[in-house]
Amino acid sequence: KFAGDSKTFDTVAGQYRRILEVSRQPSAANDYALIYAFAKIQDPTSVVRESEFATAAKTGAYGETVKAAVTKVVNGETLTAKQRSDFISAARNAYAAQERQWLNTVAAPYHQQAKDYGLNWKNIWRDYRVKGGSESAEAKPKKTVKFGDL
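Right, let's walk through the structure included here.

What counts and how
- Note that residues are indexed from 1 along each chain, following the sequence as it is written.
- Confidence filtering applies because this is a predicted model: local features only for residues at pLDDT of at least 70, side-chain atom pairs given and counted only at 80 or more, and all residues used for totals across whole chains, interfaces and linings.
- Hydrogens and water are ignored here; the side-chain numbers use all heavy atoms of the structure.
- Put simply, DSSP H or I for four residues or longer makes a helix, DSSP E for two residues or longer makes a strand, and each gets a number counted from the N terminus.
- Side-chain atoms alone can form a polar contact between residues adjacent in sequence; in general such a contact is a pair of N or O atoms within 3.5 Å, and within protein one must be able to donate a hydrogen while the other accepts it.
- Between two residues, a contact is recorded if the distance between any of their heavy atoms is within 4.5 Å.
- Three labels apply to residues, based on accessible area from a 1.4 Å probe with only protein chains included: buried if under 20% of the type maximum, exposed if over 50%, partly exposed otherwise in between.
- A residue counts as positive if it is Lys or Arg and as negative if it is Asp or Glu; His and the chain ends are not included.
- We define a salt bridge as a side-chain nitrogen of Lys or Arg found within 4 Å of a carboxyl oxygen belonging to Asp or Glu.
- By nonpolar core is meant a set of buried Ala, Val, Leu, Ile, Met, Phe, Trp, Tyr and Cys residues that side-chain atoms within 4.5 Å join together.
- Whenever a helix is involved, its axis is fitted only over the stretch in contact; in every case the axis is a line through C-alpha atoms, and angles between N-to-C directions fall within 0 to 180 degrees.
- With respect to orientation, any angle under 35 degrees is reported as roughly parallel, any angle over 145 as roughly antiparallel, any angle of 65 to 115 as roughly perpendicular, and every other angle as oblique.
- By definition, any crossing whose near helix is turned counterclockwise from its far helix by less than a right angle is left-handed, and any crossing with a clockwise turn is right-handed.
- Under this grouping Gly is polar, as are all residues other than the nonpolar Ala, Val, Leu, Ile, Met, Phe, Trp, Tyr, Cys and Pro and the charged Asp, Glu, Lys and Arg.

Tracing the backbone shows S6 in the loop between α1 (2-5) and α2 (7-22). A polar side-chain atom of S6 sits 2.8 Å from a polar atom in the side chain of W102. Contact partners of S6, with chain neighbours within four places excluded, come to W102, V106 and Y128.

Looking at where K40 falls in the secondary structure, it is placed in helix α3 (residues 28-42). Buried and unpaired, K40 has no salt bridge, with D43 as the nearest side chain of opposite charge at 7.2 Å. Here K40 is in contact with Q15, S46 and V48, once residues within four sequence places are set aside.

Across soluble globular proteins, nonpolar side chains have a tendency to be buried as a group. Judged by nonpolar contacts, the single largest core of 39 residues is most densely connected at F2, I19, I35, F53, V66, F87 and W102. Counting residues per element, the ones that place at least two in this core are α2, α3, α4 (50-58), α5 (64-74) and α6 (81-116). Looking at which element gives the most residues to this core, the answer is α6, with 11 residues. With near-sequence residues (within four places) excluded, V66 lies in contact with I35, F38, F53, A57 and F87.

This paragraph deals with the pattern of salt bridges. Using the criterion set out here, one finds 5 salt bridges in the structure. K1 is the salt-bridge partner of D5, the closest N and O atoms lying 3.7 Å from each other. Looking at K1, the relative accessible area reads 73%, which means it is exposed.

Examined against the element boundaries, S23 turns out to sit in the loop between α2 and α3. A C-alpha to C-alpha distance of 9.0 Å links S23 and A33, two positions 10 residues apart in sequence. Only 2.9 Å separates the side chain of S23 from the backbone oxygen of I19, close enough to count as a polar contact. Here the side chain of S23 touches L20 through a polar contact of 3.1 Å, landing on its backbone oxygen.

The subject of this paragraph is the packing of α2 against α3. Interhelical geometry of α2 versus α3 gives an angle of 155° and a closest axis separation of 9 Å. As the angle between them shows, α2 and α3 are arranged roughly antiparallel. For the pair α2 and α3, the crossing hand works out as left-handed. Residues V12, Q15, Y16, R18, I19 and V22 of α2 pack against N30, A33, L34, Y36, A37, F38, K40 and I41 of α3. A class-by-class count of the residues in the contact of α2 with α3 yields 10 nonpolar, 2 polar and 2 charged.

So this is what it looks like as structure tokens:
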């Protein structure tokens, strides 16, 4: 049940990891992967396949910024350093919000339930978070469950 309730956050975390990885070596192909992963973070339950993504993005389905970026990358150009940085920053903030929500609405209640039943939390818990993933000043939560609390 914990894994099922964590599915959306697991998808977001996986796409954010992908963004961090592909952004290390800028290229048109990696920029395309970055934009696709960004769109999946925005709508983690979407069923749009990567092969269908460019068509959807060109219609403006993901907003004008994504539309312009996809058009540029599909034409063989790379994103500018600023564009890439903006996507990474926006993805980091979206990831941080999802992380807070998952910790507070999924992980913490399961932790409490395990405690109430005298179960070993480490046998239930899987940490889906990206290590160092939400470490930006604008992404810091005011109050959240801390990893040490779980």
